[in-house]
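Listed below are the residues making up each chain.
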Amino acid sequence: MKAIVLKSFGGPAAFELWEVPKPIPHAGQVLVRVHATSINPLDYQVRRGDYPDLVPLPSITGHDVSGVIEAVGPGVTAFAPGDEVWYTPQIFDGPGSYAEYHVAAEAIVGRKPPSLSHLEAASLTLVGGTAWEALVVRAALRVGERVLVHGGAGGVGHVAIQLAKAMGACVLTTVREANADFVKSLGADVVIDYTTEDYVDAVLRETQGQGVDVIFDTIGGDTLSRSPDALAQLGRVVSIVDIAKPQNLIQAWGKNASYHFVFTRQNRGKLDELHTLVERGQLRPHVGAVYSLADIPLAHARLEGANHGVRGKVAIAVVPSEADA
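The rules behind the values
- Residues numbered from 1 in each chain as written.
- Predicted model: local features only at pLDDT ≥ 70, side-chain atom pairs only at ≥ 80, totals over all residues.
- Heavy atoms only, no water.
- Helix = DSSP H or I, 4+ residues; strand = E, 2+ residues; numbered from the N terminus.
- Rg over C-alpha atoms; globule rule 2.2 N^0.38 Å.
- Buried < 20%, exposed > 50% of the residue type's maximum accessible area, 1.4 Å probe, protein only.
- Contact = heavy atoms within 4.5 Å.
- Pairing = 2+ DSSP bridges.
- Axes fitted to C-alpha atoms, helices over the stretch in contact; angles between N-to-C directions.
- Phe/Tyr/Trp six-rings, centres within 6.5 Å; stacked < 30°, edge-to-face > 60°.
- Lys NZ or Arg CZ within 6 Å of the ring centre and 35° of its normal.
- Core = buried A, V, L, I, M, F, W, Y, C linked by side-chain atoms within 4.5 Å.
- Right-handed = clockwise from strand over helix to strand, strands pointing away.
- Parallel < 35°, antiparallel > 145°, perpendicular 65-115°, else oblique.
- Nonpolar A, V, L, I, M, F, W, Y, C, P; charged D, E, K, R; others polar.
- Arc of directions from axis to C-beta.
- Polar contact = N/O pair within 3.5 Å; in protein donor to acceptor, adjacent residues only side chain to side chain.

For the overall build of the chain, give the residues involved together with the corresponding values.
Scanning the chain from terminus to terminus reveals 10 helices and 15 strands. In summary, the chain has a C-alpha radius of gyration of 20 Å against a globular reference of 20 Å for 325 residues, a match within 12%. Structurally, the chain occupies a C-alpha span of about 60 × 40 × 35 Å along its principal axes. When the 325 residues of the chain are sorted by exposure, 54% land in the buried category. For the chain, long-range pairs separated by at least 24 residues make up 69% of all intrachain contacts whose partners lie at least 6 apart in sequence.

Report on the sheet that holds strand S11 (residues 212-217), specifying residues and quantitative values.
Sheet architecture is open: six strands sit in the order S10-S9-S8-S11-S12-S13, paired in parallel fashion. At either end of the open sheet lies a strand with only one pairing partner, and these are strand S10 (190-193) and strand S13 (258-261). On average, adjacent strands in this sheet sit at an angle of 15 degrees to one another, irrespective of strand direction. Across four bridges, strand S9 (residues 170-175) lies against S10 in parallel orientation.

Go over the packing of aromatic side chains, please, and point to the residues and values.
In this structure the tally under the stated criterion is three aromatic pairs. Relative to Tyr 98, the ring of Phe 15 has its centre 5.9 Å away and its plane inclined at 70 degrees; by these criteria the two rings are edge-to-face. Here Phe 15 is found in strand S2 (residues 15-19), whereas its partner Tyr 98 is found in the loop between strand S5 (84-87) and strand S6 (101-105), with 83 residues between them in sequence. On the basis of an interplanar angle of 50 degrees and a centroid distance of 5.1 Å, the ring pair of Tyr 51 and Phe 92 is categorised as tilted. Highlighted residues: Tyr 51 in the loop between helix H1 (41-48) and strand S4 (65-72) and Phe 92 in the loop between S5 and S6, separated in sequence by 41 residues. Given the relative accessible area of 27%, Phe 92 is considered partly exposed. Grouped by ring-pair contacts, the aromatic residues Tyr 51, Phe 92 and Phe 263 constitute a single cluster. In this arrangement the basic side chain of Arg 33 is found over the ring face of Tyr 101, its NZ or CZ atom lying 5.2 Å from the centre. Over the ring of Tyr 199 we find Arg 226, and its NZ or CZ is 5.4 Å from the ring centre.

Before we move on, could you go through the nonpolar core and cite the residues and values that matter?
In this structure, Tyr 87, Leu 135 and Val 147 are the most contacted members of the largest nonpolar core, which totals 75 residues. Considering every element that reaches this core, the biggest residue donor is helix H4 (residues 155-166), with six residues. Ignoring anything within four residues of it in the chain, the contact list for Leu 135 reads Ala 140, Leu 141, Val 147, Ala 160, Leu 163, Ala 164, Met 167, Val 214 and Phe 216. Tyr 199, Val 200, Val 212 and Val 237 belong to the second-largest nonpolar core, a separate cluster that totals 16 residues.

Outline the pairing of strand S8 (residues 146-150), listing residues and values.
Remember that side chains alternate between the two faces of the sheet whenever the strand is regular. Counting buried positions along S8 gives four out of five residues, so the element sits mostly inside the fold. Sheet analysis places S8 next to S9, joined by five bridges and oriented parallel. Note that in S9 the partner of Arg 146 across the bridge is Cys 170. In this view, the connection linking S8 to its parallel neighbour S9 by way of H4 has right-handed handedness. Two strands pair when backbone bridges link them, and S8 and S11 are joined in this way by three bridges, in the parallel orientation. Its bridge partner lying in S11, Leu 148 is registered against Ile 215.

Break down the packing of H1 against helix H10 (residues 296-304) for me, with residues and values.
Each pair of packed helices gets described by two things: the angle between the helix axes and the distance between those axes. Where H1 contacts H10, the axes come no closer than 10 Å and their chain directions differ by 105 degrees. In terms of their interaxial angle, H1 and H10 are classed as roughly perpendicular. Facing Asp 43, Tyr 44, Arg 47 and Arg 48 of H1, the residues of H10 in contact are His 300, Leu 303 and Glu 304. For the contact of H1 with H10, a count of residues per class yields two nonpolar, one polar and four charged.

Help me get a handle on helix H7 (residues 223-230), residues and values and all.
Those residues of H7 lying buried are Thr 223, Leu 224, Ser 227, Pro 228 and Ala 230. An end-on view of H7 places all buried positions within 160 degrees of arc, on one side of the element.

Give a description of the environment of Thr 207 that names residues and reports values.
Along the polypeptide, Thr 207 turns up in the loop between helix H6 (199-206) and S11. Residue classification places Thr 207 among the buried residues on the basis of a relative accessible area of 1%. Counting along the chain gives 109 residues from Thr 207 to Tyr 98, while the straight-line C-alpha distance between them is 44 Å. Residues within four places of Thr 207 in sequence aside, it is in contact with Arg 146 and Val 212. Engagement of the side chain of Thr 207 in a polar contact is seen with the backbone oxygen of Val 203, the distance being 2.7 Å.

It is worth stressing that arrangement in space is one thing and function is another; only the former is reported here.
In structure tokens form, the structure reads like this:
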């Protein structure tokens, strides 16, 4: 089978298209013909060497799969050949999704929502699971609460807006002006142009000085240290961004705030919950650009570039016909 292999840590040129052996499913595993995958910030963090001790080289990376089961190993009961499935491969535990075939444990695989194309489904598994864990599990967002989503036009952010609305929350989000209409179409109630207005000032104005109940940080920078200024009492902050340097969070003490840091875990339960929201029409990923398997280096280069112009996700059509799906 063909696979994009990371032969050394570095820039997008560190990837090469190789011919490698097709994997074989063992007990409790399924073999999936990968129709589509997608690009996440985690993917280029792995590629450039942020986690060198966890990624043995050469390595097949990638963290989203939508495809069709080709074979099952002994003991598999939930799936059969021909089933359409979606999932996030176990992170830092075996080959990833940048390949024509992938083997996964039955327990982390879910049934793909019929209303989604493979490109759309592959654009939702990791970011959807991350948003679910952040807002539902960690923040315990409740009906009627206010949530600020930093980076609402991005891969995780555009899903978080839809998820928060489905949970009955009032959603504020930060984006560039060019993405204002896009996030409004997703359900955002208040759009803050972070290039022209300080988000803390905007939040306090829109909430009559009360602040928001939850802040979901998808971009990093000074969002952790400044979040207490925009929080209501007993507010919660959830971040999915690595902390590059120590943060002074003393202001959070006065708000009785809680902080949560999420590195998403893989399980079928989250996929099933997302499946339900998709089929209810409350959640749909946005595919902003599509590349082929061989062009994954180009996709990485684009997503890492400043002002890359991609709303939602960059998807990869592993089966060429999926590009037209």
